[in-house]
Amino acid sequence: MTSWAPQQAALQEILQTIHESTDTSNSAVQRTITHKLNNFTRAPDYVAYLAYILSSMPQEEDRFRTISGYLLKNNARLILRASPDVLAFAKSAVLLAFNDPSIMIRNAAAQDIVAFLGILEPRNWPECLQQLVHMLDAPSVEQQEAAFNVLERACEDYPRKLDVDINGTWPLEYMIPKFIVLSEHPNAKMRAHAIACLSYFVPIGCQSLFAHIDTFIACLFKRASDEDSAVRKHVCQALVLLLASRPEKLMPEMANVAEYMLYSTKDKHENVALEACEFWLTFAEDPDLSPYLHPLLAKVAPVLLDCMVYSEDDLLWLQGDEEDAAVPDKDTDIKPRHYGGKSHGFEREGNGEDGSGKRVGAYGEELAESDDDDYDDLDDDEFADEMSTEWNLRKCAAAALDVLAVRFGADLLNVLLEPLKTKLWSDEWLQRESGILALGAMAEGCIDAIEPHLPTLIPYLINTLNDPKPLVRSITCWTLGRYASWCTQPHSTEHKNNFFVPTLEGLLRMVLDNNKRVQEAGCSAFATLEEDAGPELAPYLEPVLRNLVFAFEKYQHKNMLILYDAVGTLADAVGTALQNPTYVEILMPPLLKRWDKLKDDDDDLIPLLECLASVTIAMGASFLPYASPIFERCHGLVHSSLLQYQAYQQNPEMDEPDRSFLVVALDLLSGLTQGLGMALEQQITTSTPNLLELLSVCLKHPHAAVRQSGYALVGDMAMNCFPLLRTRVPTIMQELIAQLDPEPKVEFISACNNAAWAVGEIALRFGRDDAEFQQWVHPLISRLVPILLHPKAPRSLHENAAVSIGRIGLMHPGLVAPLLPEFAQAWCQALYEIRDNEEKDSAFRGLCTLVQTNPAGITKSLLWFCNAIVRWNQPSPELNNMFQQLLSGFKQHDAVGWAAQVSTFPPVIQERLATRYGV
């Protein structure tokens, strides 16, 4: 036994605190207890005390011992710094408690063993693993189950830590065959544990399992018709994992596997059906498996369609029929939101050919940014936002149908056309609702095939917005949102009148529905319509604004957050059209009413600040009458947030302050700067402490999101009120240069992007060959060029670095041109796909100026330079003239050499050079 023993005084203090913790009615007591428990963690043997209470104090009530066990699990990482005595005691105590007569104590000990084994790793606690495996042969099934339960959680949570050599033997070489044998145990729970444990080793490529892979698959087929639904669920899960990692093992038997999975997808136990449905989602997501899935489409798709009908459990949970617009939301209804701040990026032409972060929808519209270009990362959110329940069969089937639509397009629609019609025109509302969900799920992939049917389907959907069932109205909103890009196409006046205007009017009615779920779906779909319609919405602004403003009076807490987003999106979409005094007078009073009502620490202030940032930019000078109080409050929020953070740095025991207020206040100041420019001079110059002093502190903030919004504000001030920024540039420039990193951590990328963009804006404002700016040219270029040349730097960072190099080159060609050969090719590669805009124009004028200064510098990159030139759609007259002069100059300088080089270019580049520039 270990030599550690508890001190009575310390034991009693911890025990007393555990007793008091059960009084949940008094929040002050709870705060004190939390503080005491946090202090206990500093004691080097705290884990031993908790283990002692759990294992060795049978005189205490089970509930107190169980609380001790849960505290032990939550503080399990403390064993890493425990002394050998304390560690030995804690390990032996939890194993002792695992055999306690009380089920509550055994369950608590089981959680502790899972936590300890994960933290210490099995190779450092082999005796525990041995004991658990040994217990699988215990005389009582109860003990067997308890051990297998712990092993299953360990296999699920950390399979790689179990797949190791311990003192010359691999435990899994014994455990895997043991689990395969136990898959035929007479007890169903034991069979389920066995199949589950085996399946968790599939994704990690465990050799001990793959040595028995054929036996394992045979065991799955044997258990496929098990009478126990939990066993069947794990069989389906194992087949899903095999399909994802070792599909070649299933392909010879795919006809049988597919039949079984189709049968299981219709299982009356939803947990089995859900696992089976995941099989089709996994199958569809792997493009290499498409040839195997395509022949199954006619069987699979109709089954998925039937899975999309609400179950009775869903309907009970949703309680979707009530008119609940006047019922206040519970705090639990509102999901936490995350605010990342403004990030500067560029729009690209088309899809891009090397997998950009933007996904392009059915009509070339750019969808949400994603770090992963694969289809796999299509979040549940695509389907799930209209239904707030957890992941379920309905959502999984809809997700699978969406991916199948992207994979197979028209072929999928051909299979589903008749069953879909039957559902859409069914007399049963649940059937109609599921058909409308399916129509929305297929929108992206099947758009070309569905398009001929949309002149019938869109009026059907608009009419369905009158359905008496709120769940039908809400899913119809979502599906209309999925087809918004088609409704907003500027085909003809007839198209606008037949589809766009009725969709607009229908969704606006849903925004003011008397059911909160319908309001939410209507408001979200309307925001999608706003994005797709853009300036086309301008003629309808008055009725749109009046509806949205009415919603401010009607909405409860949760939907109010979506409404802010819809108003901000509207401002982004229509831009300067919002400057009309009538519109300003409609929109500003309700926004200011909310603004005055919310306290500085109210979380709802954050989405309102975000919304106002968009509104200020759109309204421009029309916003000036409202600017002072909003500027002052943002300034106050920045100041107080920085003071709170300073206090936290001096006393780390305090709770870390929420940085969201600081981030969005900086973003709204950016919006004010973009909208009002030098009209803010008085507010900025008289602010105390001065805004630019506070901004300098933000640029040094440890949190990247704060720096990111700080650099955005620097760039916006450079563009819109540079005279106010100029005196501070020497201080700010040091921070900007330090932020430029060729391989930033993922969380620093956006801050680095904004810094790279801001230096280019500042360079332009100083002007040509400015003596003061010259001191920063070399430090900046020596940071920006390595970013541009770094193969692992994110694409957005390549683009921002290239634009700023071009702009600095435009202003200081003599200093930058000698370096042109180093970066010319990478520069052209970074920017040729960016859509035409003023930033790209000034950057290219910079590159042309560098080429004029150092013509030899472009020689080795001539193909890329010419490709970048011909990719322009409408260069400004000044830039087009520079292109003409340079290209003509190359040709005149060496006509034969030029002709020889151009003849090696791809035909499309040769053709455009000849057509546009006569070279």
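Residues numbered from 1 in each chain as written. Predicted model: local features only at pLDDT ≥ 70, side-chain atom pairs only at ≥ 80, totals over all residues. Heavy atoms only, no water.

## Considering the overall build of the protein
- When you go through the protein residue by residue, the secondary structure sums to 51 helices and 2 strands.
- The globule rule puts the C-alpha radius of gyration for 919 residues at 29 Å, and the 32 Å found for the protein is close to it.
- If you line up the protein on its principal axes, its C-alpha atoms span 95 × 70 × 65 Å.
- Here the protein holds 919 residues, and 57% of them are scored as buried.
- Here the contacts in the protein between residues at least 6 apart in sequence split such that 75% fall between residues at least 24 apart.
- Accessible surface for the protein amounts to roughly 39,100 Å². Of this, 51% is attributable to carbon and sulfur atoms.
- Separation of charge centres in the protein, based on 74 positive and 124 negative side chains, amounts to 1 Å. (Helix = DSSP H or I, 4+ residues; strand = E, 2+ residues; numbered from the N terminus. Rg over C-alpha atoms; globule rule 2.2 N^0.38 Å. Buried < 20%, exposed > 50% of the residue type's maximum accessible area, 1.4 Å probe, protein only. Contact = heavy atoms within 4.5 Å. Areas by Shrake-Rupley, 256 points an atom, 1.4 Å probe, with all protein chains shown as cover. Lys, Arg positive; Asp, Glu negative; His and termini not counted. Charge placed at Lys NZ, Arg CZ, Asp CG, Glu CD.)

## Concerning the pattern of salt bridges
- Throughout the structure, instances matching the rule amount to 40 salt bridges.
- Across the salt bridge formed by Arg394 and Glu433, the nearest N and O atoms sit 2.6 Å from each other. Residue Arg394 is located in helix 22 (residues 393-408), and its partner Glu433 is located in helix 24 (residues 429-441); the two are separated by 39 residues in the primary sequence.
- Note on Arg394: relative accessible area 1%, which makes it buried.
- Glu433 sits in the buried class, given a relative accessible area of 0%.
- For Arg726, the salt bridge goes to Glu772, with nearest N and O atoms at 3.4 Å. With a gap of 46 residues between them, Arg726 in the loop between helix 40 (722-725) and helix 41 (729-739) and Glu772 in the loop between helix 42 (749-766) and helix 43 (774-789) connect regions that are remote in the sequence.
- Connected via shared salt-bridge partners are Glu761, Arg765, Arg807, Glu838, Asp841 and Arg845. (Salt bridge = Lys/Arg side-chain N within 4 Å of Asp/Glu carboxyl O.)

## With respect to the packing of aromatic side chains
- Tallying each qualifying case throughout the model produces 25 aromatic pairs.
- The interplanar angle of 40° and the centroid separation of 4.8 Å between the aromatic rings of Trp425 and Tyr460 together place this pair among those described as tilted. Taken as a pair, Trp425 in the loop between helix 23 (410-424) and helix 24 and Tyr460 in helix 26 (residues 454-464) lie far apart in primary sequence, 35 residues in all.
- With a relative accessible area of 12%, Tyr460 lands in the buried category.
- A network of ring pairs unites the aromatic residues Trp827, Phe844, Trp872, Phe883 and Tyr917 as a single cluster.
- Over the aromatic face of Phe210 sits the side chain of Arg246, whose NZ or CZ is 4.4 Å from the ring centroid.
- Sitting over the face of the ring of Trp872, Lys840 holds its NZ or CZ atom 4.4 Å from the ring centroid. (Phe/Tyr/Trp six-rings, centres within 6.5 Å; stacked < 30°, edge-to-face > 60°. Lys NZ or Arg CZ within 6 Å of the ring centre and 35° of its normal.)

## Brief notes about the nonpolar core
- If you look at the biggest cluster of nonpolar residues, it comprises 332 residues, and the most contacted ones within it are Trp280, Phe623, Trp827 and Phe865.
- Non-local contacts of Trp280, meaning those with residues more than four positions away in its chain, are made with Ala258, Met261, Leu262, Thr265, Leu293, Leu296, Val300, Leu304 and Ala400. (Core = buried A, V, L, I, M, F, W, Y, C linked by side-chain atoms within 4.5 Å.)

## Some points on the side chain of Glu152
- On the secondary structure map, Glu152 appears in helix 8 (residues 141-157).
- No salt bridge is formed by the buried Glu152; the nearest opposite charge belongs to Lys233, separated by 7.0 Å.
- There is a polar contact of 2.6 Å between the side chain of Glu152 and the side chain of His193.
- In contact with Glu152, other than residues within four places in its own chain, are His193, Ala196, Cys197, Tyr200 and His234. (Polar contact = N/O pair within 3.5 Å; in protein donor to acceptor, adjacent residues only side chain to side chain.)

## Some details on the packing of helix 31 (residues 541-554) against helix 33 (residues 581-597)
- In the contact formed by helix 31 and helix 33, the axes pass within 10 Å of each other and the chain directions differ by 15°. In this view, helix 31 runs roughly parallel relative to helix 33, as classed from their interaxial angle. Our pair here, helix 31 against helix 33, has a crossing hand that is left-handed. In this structure, helix 31 uses Leu541, Glu542, Leu545, Arg546, Val549, Phe552 and Glu553 to contact helix 33, whose residues at the interface are Thr582, Tyr583, Ile586, Leu587, Pro590, Leu591, Lys593 and Arg594.
- Broken down by class, the residue content of the contact of helix 31 with helix 33 amounts to 9 nonpolar, 1 polar and 5 charged. (Axes fitted to C-alpha atoms, helices over the stretch in contact; angles between N-to-C directions. Parallel < 35°, antiparallel > 145°, perpendicular 65-115°, else oblique. Left-handed = near helix turned anticlockwise from the far one by under 90°. Nonpolar A, V, L, I, M, F, W, Y, C, P; charged D, E, K, R; others polar.)

## Digging into the environment of Pro689
- As for its placement among the helices and strands, Pro689 is situated in the loop between helix 37 (681-686) and helix 38 (691-698).
- It is 8.9 Å that separates the C-alpha atoms of Pro689 and His635, two residues lying 54 residues apart in sequence.
- The contacts of Pro689, once residues within four sequence positions are left out, are His635, His639 and Leu694.

## Let's talk about helix 2 (residues 27-40)
- Helix length check: helix 2, at 14 residues, gives a terminal C-alpha distance of 20 Å against a target of 20 Å (1.5 Å per residue), a fit within 8%.
- For helix 2, the elements touching its buried residues are helix 1 (8-20), helix 3 (46-56) and helix 4 (62-74). (Expected span 1.5 Å × (residues − 1).)

## Some words on the environment of Leu296
- Relative to the assigned elements, Leu296 resides in the loop between helix 18 (290-293) and helix 19 (297-307).
- On the basis of relative accessibility, which here comes to 15%, the residue Leu296 falls in the buried class.
- In this structure, the C-alpha to C-alpha distance between Leu296 and Glu911, residues 615 residues apart in sequence, is 47 Å.
- Discounting residues that sit within four places of it in the chain, Leu296 has contacts with Ala258, Trp280 and Phe283.

## Structural notes on the confidence of the model for the protein
- Residues at a pLDDT of 70 or more form 93% of the protein, whose mean pLDDT is 89.
- Ignoring residues within four places in sequence, the model shows residues 351-388, a span with pLDDT below 50, making 78 contacts including any to other chains. (pLDDT = per-residue confidence, 0-100.)

## Details of the side chain of Ser426
- Relative to the helices and strands, Ser426 is located in the loop between helix 23 and helix 24.
- At a separation of 3.0 Å, a polar atom in the side chain of Ser426 contacts the main-chain amide nitrogen of Glu428.
- Residues contacting Ser426, with those up to four places away along its chain left out, are Gln431 and Arg432.

## A short note on the state of the cysteines
- For the structure on display, the rule yields 0 disulfides.
- Residue Cys698 stays outside any disulfide, its sulfur separated by 12 Å from that of Cys634, the closest cysteine.
- Since its relative accessible area comes to 0%, Cys698 is described here as buried. (Disulfide = S-S within 2.5 Å.)

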